[in-house]
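# Observations on chain architecture
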Amino acid sequence: MLYFSRLKMVLIWLAVAVTVILAAPNLFPASTLAQLPNWVPKRQMTLGLDLQGGSHILLQMDQNDLIKDQLETTRDEIRTLLREAKINYTGLSGTGRTVQVRISDQSQVDAAKAALKPITNPVNAGLFTGGSVQSMTLDDSEPGLLKFTVTDAGLKYRTTTALSQAIEVVERRVNALGTTEPIVQRQGDDRILVQVPGLQNPQRLKDIIGQTAKLTFQMVDTSMPVQDAMKGRPPAGDSILYSQDDPPVPYLVENRVIVSGEDLSQATPTYNSQTNEPVVSFTFNSRGATRFGQATQQNVGKPFAIVLDNQVISAPVIREPILGGTGQISGNFTAESANDLAVLLRAGALPAKLTIIEERTVGPGLGQDSIHAGKIAGVIGSILVVAFMFVAYGFLGFLANVALAVHVAMIVGALSLLGATLTLPGIAGIVLTIGMAVDSNVLIYERIREERRNGRSVIQAIDTGFSKALATIVDSNVTSLIATVVLFFLGTGPVKGFAITYAIGILTTVFTAFTFTRMLVAIWLRRARPKELPRAPVTFIPPGTKIPFMGIRRWTFALSSVLSILSVVGFLTIDINYGIDFKGGSMIEVQSKQGDADLGDIRARLSELNIGEIQVQQFGAPNDVLIRVGTQDAGENAEQTVIDKVRGELQDQYDFRRVEVVGPTVSGELAKQGTIAMLIALVGILLYVWFRFEWQFAVGAIVATVHDVVMTIGFFVISGLEFNQSSLAAILTIIGYSLNDTIVVYDRVREDLRKYKKMPLPQLLNNAINETLSRTTLTSVTTSLALLALVLFGGEVIRSFTLAMLFGVVFGTYSSIFIAAPLLILFKLRPQGATAEEEQKPANGKAVTT
């Protein structure tokens, strides 16, 4: 395995060079790259919203709005069709999903059904179904009463088409704000995901995309005073609408729409030439200009209302006919609000109301702090791992460190090439893979040392070490990859960013640790022709250990059983500190503009807002505060009202660095997805281990993994750390890491089972664990060093993730030795009747390898 042809070496070095070239642009600012020739790669990693700041907003379309709109349209159509057919009717009304009308003359029922036939005609759905959809059905079972009901297929069709229209409208609105590279895309059947990086004013974004913006021009009814209409009942065909003033002014407005926003061809913000106040100038299309001109000709001297989303913007009096198709909308506008209204009118109205069910906003200041913390943690973690590898393996450790540098470059290059998004958990993933990447090197080097101690020459030991370690490396990395793939498909946002980075790291590990390191070792062997392996400055685990691990298996089983029971009882009796991802609510991180934050003052001021349960705590530095507000009973819109109230109360003294809002709908879905992810990961790993090993190994690996998951949950219960999506990512990563450790032990057990046919199982397991003890310990140390750097320097945002990972690494190492291996005895992997006959041994007491 140590022979490399010239072509193969050239291809490997070429792959490394390409990787470095792809990763290099990330070392330079964009302004510098812009000055380079076009053929030079310039693509950089895309920073996630948590690193560069911005807003992530998930919108849900209100289907009740669509139904209401359908019923109103159907009522108008019934009224028109029956009048044209000169058929008398009464009781035209709509409730739920049904519109009903009673035909006055029983003899005209058949004529009425014929006249209303267009309402139930199938609608051409185009690409929606490839055919047609019947949107309404007719029920005439009751004599003289016709009931038209919206069908499920019709509602689904309207939702799909309305969502496509809404995406176009939202996209136009967001682009009009001048933001760079916004993302607007469909998510599911009735949701729209909006991500806008680098946004300075998230509240303005919410106002822009959340407003329906249905503009109508309607006549004001002056036949009776509006106060009389408010005391009694408005005349038929009229409604009472209120202005946007404070206090609002009521108007009696005719329901008949003269023209609507659909008839606008242009809308621009400008200033009134006489008052110099901000206004919005508009121009109608030809149809709108004609209808508006006719209406103003017929109603000179009467007021008409300009209505936006059922609120009167203004109600000017028509002084003279307006025939040019142009006009101005005036109100109490600022320059920004006039511009926003123009944006809304140009983009068009939304077909239905969009409700914000999830919001995650990060200020640019916090993003820069996160990048700085990630860099520090990455540098310190790398230094610790590099130093440890050199101390543990000497010159071979130096070669592993060179491969480690290539490993990091490959991750960065792959992220740049794929255009993947780097998030803060993604940085943690890179640092974590630095600790775990050397696992393969440790596995290979320990096997090489073992083969050398068994009497093989240096070249033979190195060649055998690489060949025998390959299967274990593949098996251990595949199990980690299974958990990571599940996390990618079921995770969201930054957690998905972690999954991408970690998955790339797992794949590049196999290349750098096995292929690239093997080539470096082969070059060293050919040039140096060493007579002995390089000495390490420090030997952490002396060779030939014979620790009787199986002798204390009953004690470790008892200890783990007690701890597991305590964890489950604690989980059931003590409320785990669920984050808003799983229980809903709002989380706001603020920073004092001057001096330390006054937690008591913040708590007192927010308690007066009547927004329910409030938690206020210091978050890192004395001037940083984390505010949690419980979920609101009034629904999704109430969650946004909470943010507005808190912002209004604190924004004078505090900068809002991060805002996360998760409504009850999304929190329930995330909890369900988390449970499904855990089960899918465990089943996937069980099937793979079962395929690669015997059933006892598969069940033992899953039991040990479940043990680690239970212990980690117990850690969250006792420590009070917040359990959120990042915590779930930590648990899934722990599953992969724990299996990685377990499979290394199991792989050696399987090898020894073939070698020692009659050795008692407890003794064989002791041998296997002692033979892999150095690898298990050193890998645990390197991973822990990288995680420790993240815990100490990675910042508060990912603290719960990194602490859980550190705890999981420790318990994963424990379970692979004291739980996974002894379970093979319990599952009778080798019958108890196997005798302890002596294996044929040479004079030095070492077993002969056959």
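Reading the values: the criteria
Residues numbered from 1 in each chain as written. Predicted model: local features only at pLDDT ≥ 70, side-chain atom pairs only at ≥ 80, totals over all residues. Heavy atoms only, no water. Helix = DSSP H or I, 4+ residues; strand = E, 2+ residues; numbered from the N terminus. Buried < 20%, exposed > 50% of the residue type's maximum accessible area, 1.4 Å probe, protein only. Contact = heavy atoms within 4.5 Å. Areas by Shrake-Rupley, 256 points an atom, 1.4 Å probe, with all protein chains shown as cover. Lys, Arg positive; Asp, Glu negative; His and termini not counted. Charge placed at Lys NZ, Arg CZ, Asp CG, Glu CD. Pairing = 2+ DSSP bridges. Phe/Tyr/Trp six-rings, centres within 6.5 Å; stacked < 30°, edge-to-face > 60°. Lys NZ or Arg CZ within 6 Å of the ring centre and 35° of its normal. Axes fitted to C-alpha atoms, helices over the stretch in contact; angles between N-to-C directions. Core = buried A, V, L, I, M, F, W, Y, C linked by side-chain atoms within 4.5 Å. Parallel < 35°, antiparallel > 145°, perpendicular 65-115°, else oblique. Left-handed = near helix turned anticlockwise from the far one by under 90°. Nonpolar A, V, L, I, M, F, W, Y, C, P; charged D, E, K, R; others polar.

### A look at the overall build of the protein chain
What the protein chain contains, in helices and strands, is 25 helices and 24 strands. With 850 residues in all, the protein chain has 52% of them scored as buried. Excluding contacts between residues fewer than 6 apart, the proportion of contacts in the protein chain whose partners are at least 24 apart in sequence is 75%. Accessible area for the protein chain stands at about 38,500 Å²; split by element, carbon and sulfur atoms hold 56% of it. With 73 positive and 73 negative side-chain charges, the protein chain shows a spacing of 12 Å between the two charge centroids.

### As for the pairing of strand β11 (residues 215-220)
With six of six residues buried, β11 is to be regarded as a mostly interior element. Sheet topology places β11 next to strand β16 (residues 304-308); five bridges connect them, and they run antiparallel. Among the inter-strand pairings, F217 is bridged to a residue of β16, identified as I306. Bridge count for β11 against strand β13 (residues 250-260) is four bridges, and the pairing is antiparallel. Within β13, the residue paired with Q218 across the bridge is V257.

### Things to note about the pairing of strand β15 (residues 278-284)
Burial within β15 is extensive, with six of its seven residues counted as buried. Alignment of strand β14 (residues 264-271) against β15, held across seven bridges, turns out to be antiparallel. Within β15, the residue paired with Y271 across the bridge is P278. Turn length for the β14-β15 hairpin, with the two strands adjacent in sequence and antiparallel, is six residues, and the turn residue N276 shows positive phi of about 60 degrees. Two strands pair when backbone bridges link them, and β15 and strand β18 (residues 326-329) are joined in this way by four bridges, in the antiparallel orientation.

### Topic: the packing of aromatic side chains
Per the counting criterion, the structure on display carries 24 aromatic pairs. Ring centres of F217 and F282 lie 5.5 Å apart, and the angle between their planes is 55 degrees; this geometry places the pair in the tilted category. Of this pair, F217 sits in strand β11 while F282 sits in strand β15; the two residues are 65 residues apart in sequence, bridging distant segments of the chain. One aromatic cluster is present, formed by F549, Y578, F715, F716, F723, F807, F811, Y814 and F818 through successive ring pairs. In this structure, R647 packs its charged tip against the face of F656, placed 4.8 Å from the ring centre.

### What to know about the sheet that holds strand β7 (residues 136-139)
Taken in spatial order, the four strands of this open sheet run β3-β4-β8-β7, and their pairing is antiparallel. The open sheet has two free edges, formed respectively by β3 (89-95) and β7, since each of these has just one partner strand. Going across the sheet, the axis of each strand differs from the next one's by a mean of 15 degrees, ignoring polarity. Note that β3 and strand β4 (residues 98-103) share five bridges and pair antiparallel. By the bridge assignment, T95 is partnered in β4 with T98. Sheet contacts for helix α4 (residues 63-84): β3, β4, β7 and β8 (145-150); angle to β3, the most-contacted strand, approximately 165 degrees.

### Quick notes on the nonpolar core
Among the nonpolar cores identified, the biggest contains 146 residues, and I462, V689, I735 and V749 are the most heavily contacted of them. Setting aside residues up to four positions removed in sequence, V689 forms contacts with T479, F697, A698, A701, L739 and I743. By size, the runner-up hydrophobic cluster in this structure holds 52 residues, among which are L199, I258, I329 and L344.

### Some details on the packing of helix α19 (residues 599-607) against helix α20 (residues 636-650)
Where α19 contacts α20, the two axes come as close as 10 Å, and the packing angle between them is 130 degrees. Overall, the two elements α19 and α20 adopt an arrangement that is oblique. At the point where α19 passes α20, the crossing takes the right-handed sense. Contact residues: α19 offers I602, R605 and L606, while α20 offers V646, E649 and L650. For the contact of α19 with α20, the class distribution of residues is four nonpolar, no polar and two charged.

### Some words on unusual backbone geometry
Positive phi, close to 60 degrees, is recorded for N276, a residue that is not glycine. Tracing the backbone through its elements, the reader meets N276 in the loop between β14 and β15. What makes N276 exposed here is its relative accessible area of 58%. The backbone of N310 sits at a positive phi, close to 65 degrees, despite the residue not being glycine. Among the secondary structure elements, N310 is positioned in the loop between β16 and β17 (311-314).

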